[in-house]
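One-letter residues, chain by chain:
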Amino acid sequence: MRAMSFEPTRTAALERLAHFVPKAGSDYARLRNHDLPGHPHVSVLSPYVRHRVVSEAEIAQAVLGRFSASTAEKYLQEVCWRSYWKAWLDRRPSIWTAYEAEVKAAQNQLATQSGLRQAWQDACAGETGITCFDHWANELVETGYLHNHARMWFASIWMFTLNLPWALGADFFMRHLLDGDPASNTLSWRWVGGLQTVGKTYAARPDNIAKYTDGRFNPAGQLAAAHEVQPLGHPEHPKPLPVPGSDSVDTGLPTGLILTEDDLSPGFLLEGGLRPVAGLILLNTTRRSPFNVAPQVIDFTSSLAQDCATRWGDRVGGFTIVHTPEDAADWAKAHAVEQLVAPYTPTGPGRTGLDAVAGATRLPLRRVMRPWDAAALPHATAGFFKFKARIPDLLATLQTPARHSA
Ligand SMILES: Cc1cc2nc3c(=O)[nH]c(=O)nc-3n(C[C@H](O)[C@H](O)[C@H](O)COP(=O)(O)OP(=O)(O)OC[C@H]3O[C@@H](n4cnc5c(N)ncnc54)[C@H](O)[C@@H]3O)c2cc1C
């Protein structure tokens, strides 16, 4: 099955982007929902953009170098879904904490309920007897990627046909997706389950699956009927926190640059004049789940970190890659760092890790925001529909908007 492979380098990400750009216009709008072997109609960039090996802004810029914003509207909207989810969760971090608690609670249930444990193991091993679902479970475990439509069908079948706890499904994705992302994953699972948008659930339908897999699968008679697909709860969202801002940096202090797996492209800081005395990459990929995160996910992220260290190391006197706040504190001491500077890090394990480093070093931590994030955060106030109207604000942050018609 191993059709997809992801070379863990920025060079590979840029090649993939260049290869996809010609398809980002009307082809994408027409064909993006088809889940076909090799995923020819989507960009398959998420493992890179999730770690910001290539940024949302760079992707938008490349696409706008080829198409007008209206021709590439659909693709640009999808890229902005990521920004929307990230901003939405960032303003409501308790949703992430509640998800983590829910996974822990479900983990305890697995320890005591053998029926649940067996059903969960069968689903994760692709042994449910529902051919399409089993195929996607295997594809995910083997390749670390699933098409968006397959993710929606899979999540729906997990919750409504197999009646498994949604948080365990989201966790299964987090352990195996190379792009496993606190915001996109948690909030998409909540959306499918009816926990995110009032009155909305997503029902996987056999005819829809047959149509968009070109007849490879047709689970007629095997899935929950539409009337059985009822919201798992009532969406009750916490009040959004105030819009966070970008910190200012004291350029006179010996500065340590810290990166996390959320942003492995420090160019915007270094080219903006930051002169760190030392660089550190804090990797805590294992914190994506209380279960074991798949080795290929850990390898992928740590190879991306290595690639970043190779590309930028000479600008910071070399990067040290660590896994614990204590090792980060030793690094800060060894380099006589008096201030930590990091790219703004959204809600999730990366943020938690960074906060722990600030605590362990007792140094001031300055979080510098990219213009794209600063433009997105104020607008995560309600649903995507409202956010979508502000996409021009995000595009206005691009440095040299090249808008050709196509
Ligand atoms: C249940 C479920 C779980 C998901 N979990 C994750 C996750 O952990 N990490 C993750 O990155 N994405 C997640 N997604 C969103 C989406 O499925 C993937 O980002 C997308 O499939 C990536 O493939 P691509 O790069 O080929 O996308 P393309 O179709 O080429 O889209 C381009 C880019 O737009 C963004 N994008 C596209 N669709 C979405 C979307 N629905 N939500 C957010 N961003 C989007 C991604 O950055 C993607 O790389 C999830 C979706 C669902 C339904």
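Calculation rules
Residues numbered from 1 in each chain as written. Predicted model: local features only at pLDDT ≥ 70, side-chain atom pairs only at ≥ 80, totals over all residues. Heavy atoms only, no water. Buried < 20%, exposed > 50% of the residue type's maximum accessible area, 1.4 Å probe, protein only. Helix = DSSP H or I, 4+ residues; strand = E, 2+ residues; numbered from the N terminus. Pairing = 2+ DSSP bridges. Right-handed = clockwise from strand over helix to strand, strands pointing away. Near = heavy atom within 4 Å. Polar contact = N/O pair within 3.5 Å; in protein donor to acceptor, adjacent residues only side chain to side chain. Areas by Shrake-Rupley, 256 points an atom, 1.4 Å probe, with all protein chains shown as cover. Nonpolar A, V, L, I, M, F, W, Y, C, P; charged D, E, K, R; others polar. Phe/Tyr/Trp six-rings, centres within 6.5 Å; stacked < 30°, edge-to-face > 60°. Contact = heavy atoms within 4.5 Å. UniProt positions renumbered as here; feature names shortened; annotations may be inferred. Core = buried A, V, L, I, M, F, W, Y, C linked by side-chain atoms within 4.5 Å. Salt bridge = Lys/Arg side-chain N within 4 Å of Asp/Glu carboxyl O.

A separate point is the pairing of strand β2 (residues 278-282). Side-chain direction in a regular strand flips from residue to residue, so the side chains alternate between the two faces of the sheet. Among the 5 residues that make up β2, 5 are buried, leaving the element largely enclosed by the rest of the structure. Across the two faces of β2 the burial is the same, with Ala278, Leu280 and Leu282 and Gly279 and Ile281 all buried. Pairing between strand β1 (residues 255-260) and β2: 5 bridges, direction parallel. Note that in β2 the partner of Thr260 across the bridge is Leu282. The β-α-β motif built from β2, the intervening helix α14 (residues 295-312) and the parallel element strand β3 (residues 319-322) has right-handed crossover chirality.

Let's shift gears to the site of the ligand. Near the ligand lie 28 residues; those nearest to it are Tyr28, Ser43, Val44, Arg82 and Asn148. A distance of 3.1 Å separates an oxygen atom of the ligand from a polar backbone atom of Ser46. Val79 has a polar backbone atom sitting 3.4 Å from an oxygen atom of the ligand. For the ligand, the protein covers 97% of the area, taking 820 Å² as the surface of the free molecule. Of all elements in the fold, only α3 (46-49), α5 (73-90), α9 (148-161) and α11 (182-193) reach the threshold of two or more residues within the shell around the ligand. With 6 residues, α5 is the largest single contributor of residues to the shell around the ligand. A class-by-class count of the residues in the shell around the ligand yields 16 nonpolar, 7 polar and 5 charged.

Counted according to the given criterion, the structure contains 26 aromatic pairs. Aromatic pair Trp96 and Tyr99: ring centres 5.2 Å apart, planes at 35°, arrangement tilted. With Trp96 and Tyr99 both in helix α6 (residues 94-112) and 3 residues apart, the pair spans about one turn of that helix. The same class applies to Trp96 and to Tyr99, which are both buried. Note on Tyr99 and Trp166: the rings are 5.8 Å apart at their centroids and 40° apart in plane angle, and the pair reads as tilted. Here Trp166 lies in helix α10 (residues 166-176) and Tyr99 lies in helix α6, a separation of 67 residues in the sequence.

This part is about the environment of Ala123. Structurally, Ala123 is set in helix α7 (residues 114-125). Relative accessible area serves as the criterion here: at 0%, Ala123 is assigned to the buried category. In the structure, Ala123 is positioned 11 residues away from Asp134 in sequence and 7.3 Å away in space, judged by C-alpha atoms. Those residues in contact with Ala123 that sit more than four places away from it in its chain are Thr128, Phe133, Ala137, Trp158, Leu162 and Leu164.

For the rest of this paragraph, the subject is the side chain of Thr347. Checked against the element boundaries, Thr347 lands in the loop between β4 (339-343) and α16 (349-361). The class for Thr347 is buried, based on a relative accessible area of 8%. Here Asp90 takes part through its side chain, which lies 2.8 Å from a polar atom of the side chain of Thr347. Apart from the residues lying within four places of it in its own chain, the contact partners of Thr347 are Leu89, Asp90, Pro93, Trp96 and Pro182.

Let's shift gears to the UniProt feature "domain: Cryptochrome/DNA photolyase FAD-binding" (unreviewed entry) in the protein chain. Those places that UniProt annotates as "domain: Cryptochrome/DNA photolyase FAD-binding" (unreviewed entry) correspond, in this numbering, to residues 76-203. Helix makes up 75% of residues 76-203 and strand 0%, and the two end C-alpha atoms of the span are 26 Å apart.

Tyr48, Trp136 and Trp158 are the most contacted members of the largest nonpolar core, which has 115 residues in total. Core analysis: the second largest hydrophobic core is formed by 16 residues, Ile258, Val322, Ala342 and Val357 among them.

Our focus in this paragraph is the pattern of salt bridges. For the structure shown, the criterion picks out 19 salt bridges. For the salt bridge of Asp27 with Arg30, the shortest nitrogen-to-oxygen distance reads 3.1 Å. Residue Asp27 and its partner Arg30 are both found in helix α2 (residues 26-31); the two are separated by 3 residues, about one turn of the helix. Using a relative accessible area of 32% as the deciding quantity, one classes Asp27 as partly exposed. By relative accessible area, which is 57% here, Arg30 ends up exposed.

Let's shift gears to the UniProt feature "binding site: FAD" (unreviewed entry) in the protein chain. Under the local residue numbering, the UniProt record ascribes the feature "binding site: FAD" (unreviewed entry) to Tyr28, Tyr75, Asp179, Gly180 and Asp181. The greatest C-alpha distance among the residues just named is 23.2 Å, and with 154 residues of sequence between them they are spread in space as well. A relative accessible area of 4% places Tyr75 in the buried class. Apart from residues no more than four positions distant in its own chain, Tyr75 is found in contact with Phe20, Ala24, Tyr28, Ser43, Leu45, Ile59 and Val63. For Asp179, the location among the structural elements is in the loop between α10 and α11. Not counting chain neighbours up to four residues away, the residues in contact with Asp179 comprise Ser46, Pro47, Arg50, Gly144, Tyr145 and Arg151. A distance of 2.7 Å separates the side chain of Asp179 from the side chain of Ser46, its partner in a polar contact.

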